[in-house]
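Structural features, examined
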Amino acid sequence: MLAVVIACVGVGFAVSSRRTISDESLELSPTQFVTTAKRTASVNMLAVGDNLIHKPIYEQAQSRTKDGSYDFSPVYANLKDLITAADIAVINQETMMSSLHEVSTYPCFNTPTVMAKQLADLGFDVLTIANNHMLDKASKGLISTLDLINSTDGLLASGAYHSREEYTDLEIVNVNGITFAFLSFTEHTNGITLPTDKEDYAIYLEERDDVRLQVEYADKAADVVVVSMHAGVEYSDEPYYVQTEFAQDVVDWGADLILGTHPHTLQPVEYLTNPDGKEVPVLYSLGNFVSAQNKPKRLIGGMANITFHKDFSTGEVKIDKPLFDIVITHYRAGYSGLKLYRLADYTSSLAASHGVGDFTLDFIYDHIRTVIGDEYLIDAYKTK
């Protein structure tokens, strides 16, 4: 870890303490979200995991053009219809997209800025950027990425701020008459810390006072509070105490749905009970959406479908059981031809040709049934 930190920006390890949000300072600013869907009492959300752009992915994207630009669209093309069909589509943008820095790969990522528009064109709406790589290009890279996302038509960034005043001014999204607040927090940033005068650019899980006030005020302002939690042990199939304790805290404070990222593998779904007795779904890890990692479990990601129903006469919103579709990152030897497939469209011959080796449909189905369970899988995968 020390080598990674020094290679990136060479700063300290501790998450510095800072003043917390005051109750009086927090304001609520409703923002209308543009949607072409009919005004109804329901909203379908699609939530996916880490958009983790390694060198093979951006090099292949550049090879598709003649002018040195990047075309990522073939990687995602098989899933575009699924993404655009959702009323809201949420993705964790794991790698920053700074116009101030050169494109780079692990351990300090920076993705071509065209990725933002291409995600918008795919149909994504909300990009969470509170994650362990958000400071890979220091504070300037984070703010450059934040500005890029929020200046791209159709996109909203969650999890980074220019100032304390900004992150106490909550963005409320209105879709089909149901209002949503999207909050995003990270466990750590790989030991890289923000300068004292810029420490309000992000909120860490351990900063519970700030987390609590954001969640509680979001609960007052919106029908649905969606909390993205970037935490856990990488490559583990099970959540650990930092995830479970944080999840229960934010549920107690008003969160209606928790989306987990960071482990790069799928983890189970659990329901936690809030003080009013309401059961709140926690998706501990959606795994990778796309990556050039080289272990089978890291190439199997979750695409969670969550439907919200509002009774306009009472204002009550109910949430259906999350159902998982599955995305497979496929590539041949040397990471060539990297692209995504929906598992329902993935064949035995494709699995046999996978560059990772020892990748079979039996392995995939055994894995998702073990980790997610039939209860949370879409019908297409229950009879395979």
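Residues numbered from 1 in each chain as written. Predicted model: local features only at pLDDT ≥ 70, side-chain atom pairs only at ≥ 80, totals over all residues. Heavy atoms only, no water.

1. A few points about helix α5 (residues 114-122)
For α5, the full list of buried residues reads Met115, Ala116, Gln118, Leu119, Ala120 and Leu122. Its buried side turned inward, α5 meets β2 (42-51), α3 (73-76), α4 (80-85), β3 (88-92), β4 (126-128) and α6 (138-150). (Buried < 20%, exposed > 50% of the residue type's maximum accessible area, 1.4 Å probe, protein only. Helix = DSSP H or I, 4+ residues; strand = E, 2+ residues; numbered from the N terminus. Contact = heavy atoms within 4.5 Å.)

2. Regarding the pattern of salt bridges
A full pass over the atoms with the stated rule returns 13 salt bridges. One salt bridge in this structure joins lysine 55 and glutamate 59, with 3.7 Å as the shortest N-O distance. Taken together, the residues span about one helical turn, with lysine 55 and glutamate 59 both in helix α2 (residues 55-63) at a distance of four residues. With relative accessibility at 39%, the residue lysine 55 sits in the partly exposed group. Looking at glutamate 59, the relative accessible area reads 41%, which means it is partly exposed. One salt bridge connects aspartate 256 with lysine 278, and the closest N-O pair in it is separated by 2.7 Å. In this pair, aspartate 256 is assigned in the loop between α9 (241-253) and β9 (257-261) and lysine 278 in the loop between β10 (266-273) and β11 (279-286), connecting sequence segments 22 residues apart. Residue classification places aspartate 256 among the buried residues on the basis of a relative accessible area of 7%. Here the residues in one salt-bridge network are Arg164, Asp200 and Asp210, joined through shared partners. (Salt bridge = Lys/Arg side-chain N within 4 Å of Asp/Glu carboxyl O.)

3. Some words on unusual backbone geometry
Note the cis peptide between tyrosine 106 and proline 107, where omega equals 10°. Structurally, the position occupied by proline 107 is in the loop between β3 and α5. Of note, the phi angle at histidine 262 is positive, near 115°, even though the residue is not glycine. Look at histidine 262 and you get buried, because its relative accessible area is 4%. Its identity is not glycine, yet tyrosine 335 carries a phi of approximately 65°, on the positive side. Of note, tyrosine 335 is situated in the loop between β15 (323-330) and β16 (339-342).

4. Side note on helix α8 (residues 208-221)
The end-to-end C-alpha distance of α8 is 20 Å, a good match for the 20 Å that 14 residues give at a rise of 1.5 Å each. Turning to α8, its buried residues number three or more, namely Asp210, Val211, Leu213, Gln214, Val215, Tyr217 and Ala218. (Expected span 1.5 Å × (residues − 1).)

5. Focus on the nonpolar core
By size, the foremost hydrophobic cluster in this structure holds 95 residues, and its most contacted members are Phe180, Phe289 and Phe324. Among the nonpolar cores identified, the runner-up in size contains 31 residues, and Tyr161, Phe246, Val250 and Tyr284 belong to it. (Core = buried A, V, L, I, M, F, W, Y, C linked by side-chain atoms within 4.5 Å.)

6. Section: the side chain of asparagine 92
With respect to the helices, strands and loops of the structure, asparagine 92 is situated in strand β3. Leaving out residues up to four positions away in the same chain, asparagine 92 has contacts with Val48, Gly49, Asp50, Asn51, Thr128, Asn131, His230 and Thr261.

7. Some points on the pairing of β9
Of all the five residues making up β9, five are buried; the element is thus mostly covered by neighbouring parts of the structure. Where burial is concerned, the two faces of β9 agree: the one with Leu257, Leu259 and Thr261 and the one with Ile258 and Gly260 are both buried. Sheet analysis places strand β8 (residues 224-230) next to β9, joined by five bridges and oriented parallel. When the bridges of β9 are listed, valine 226 appears paired with leucine 257. In this fold, β8 hands off to α9, which returns the chain to β9; that crossover is right-handed. Alignment of β9 against β11, held across two bridges, turns out to be parallel. Note that in β11 the partner of isoleucine 258 across the bridge is valine 282. (Pairing = 2+ DSSP bridges. Right-handed = clockwise from strand over helix to strand, strands pointing away.)

8. Comments concerning the confidence of the model for the protein chain
Residues at a pLDDT of 70 or more form 89% of the protein chain, whose mean pLDDT is 91. Across residues 1-7 the pLDDT falls below 50, and counting only partners more than four positions away or on other chains, this stretch makes 13 contacts in the model. Residue range residues 9-21 is modelled with pLDDT below 50. Its contacts to residues more than four positions away, or to other chains, number 44 contacts. (pLDDT = per-residue confidence, 0-100.)

9. Side note on the environment of isoleucine 300
Along the chain, isoleucine 300 turns up in strand β13 (residues 300-311). By relative accessible area, isoleucine 300 is classed as buried at 0%. Sequence spacing of isoleucine 300 and asparagine 288 is 12 residues, and the spatial spacing of their C-alpha atoms is 6.9 Å. Residues contacting isoleucine 300, with those up to four places away along its chain left out, are Leu266, Asn288, Ile326, Val327, Ile328, Phe359, Phe363, Ile364, His367 and Ile368.

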